[in-house]
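Below are the chains, spelled out letter by letter.
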Amino acid sequence: MTGAALAGAVAAAHRRNGPPAIGAALVDATGATGIAVAGTRIRGGDVPAHDGDLWHIGSCAKSMTASLYARLVEDGSARWGASLTELLPDLAGAAAPGWRSITIDEVLTHRAGLPANPGVAEMRSAYADRRPLTEQ
């Protein structure tokens, strides 16, 4: 895709979906080969967004994890509907009873009962916890 084609696609997505701004990058093994941005820094504002602006990239971990898990399913190394205790058998004994039947599908589609948007205190507590991840 050329830089002009990327810019056109980003502008069209911006018009179609109506966010304050939208940006996209084409990346290959050598790095970014094209970057395009459309929109304004503030909804309804007149200051254009730029590719050098700081961008919040939220809620991407779940979609990326789902994509990677789907690749494992395609490969035959995993299956949809597996419970978390099946996938993490070493942790099964320590799992609270309510978590034992939760499936990977529920986790990846926001239906597992996990709290939405943990607060600052919870995030700081998790960040400060220096125990190995397997113990956390």
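As the structure is a computational prediction, the values presented were derived from the model and not from experiment. (Residues numbered from 1 in each chain as written. Predicted model: local features only at pLDDT ≥ 70, side-chain atom pairs only at ≥ 80, totals over all residues. Heavy atoms only, no water.)

### What to know about helix H2 (residues 60-75)
Step number 1: Taking 1.5 Å of rise per residue, 16 residues should cover 22 Å, and H2 covers 23 Å from first to last C-alpha, within 8% of that figure.
Step number 2: Positioned one or two residues after H2, Gly76 has a phi angle of 85 degrees, which is positive. (Helix = DSSP H or I, 4+ residues; strand = E, 2+ residues; numbered from the N terminus. Expected span 1.5 Å × (residues − 1).)

### Examining the side chain of His14
Step number 1: Position of His14 among the secondary structure elements: in helix H1 (residues 3-17).
Step number 2: For His14, the side chain forms a polar contact with the main-chain oxygen of Pro20, separated by 3.3 Å.
Step number 3: Those residues in contact with His14, other than ones at most four positions away along the chain, are Pro19, Pro20, Ala21, Ile22, Ala38 and Gly39. (Polar contact = N/O pair within 3.5 Å; in protein donor to acceptor, adjacent residues only side chain to side chain. Contact = heavy atoms within 4.5 Å.)

### Here's the deal with the pattern of salt bridges
Step number 1: The final tally for this structure, using the stated rule, is 3 salt bridges.
Step number 2: The closest approach of N and O atoms between Asp53 and Arg41, which form a salt bridge, is 2.6 Å. On the criterion of sequence distance, the pair formed by Asp53 in the loop between strand S2 (31-39) and H2 and Arg41 in the loop between S2 and H2 is long-range, its members being 12 residues apart.
Step number 3: One salt bridge connects Glu86 with Arg79, and the closest N-O pair in it is separated by 2.9 Å. (Salt bridge = Lys/Arg side-chain N within 4 Å of Asp/Glu carboxyl O.)

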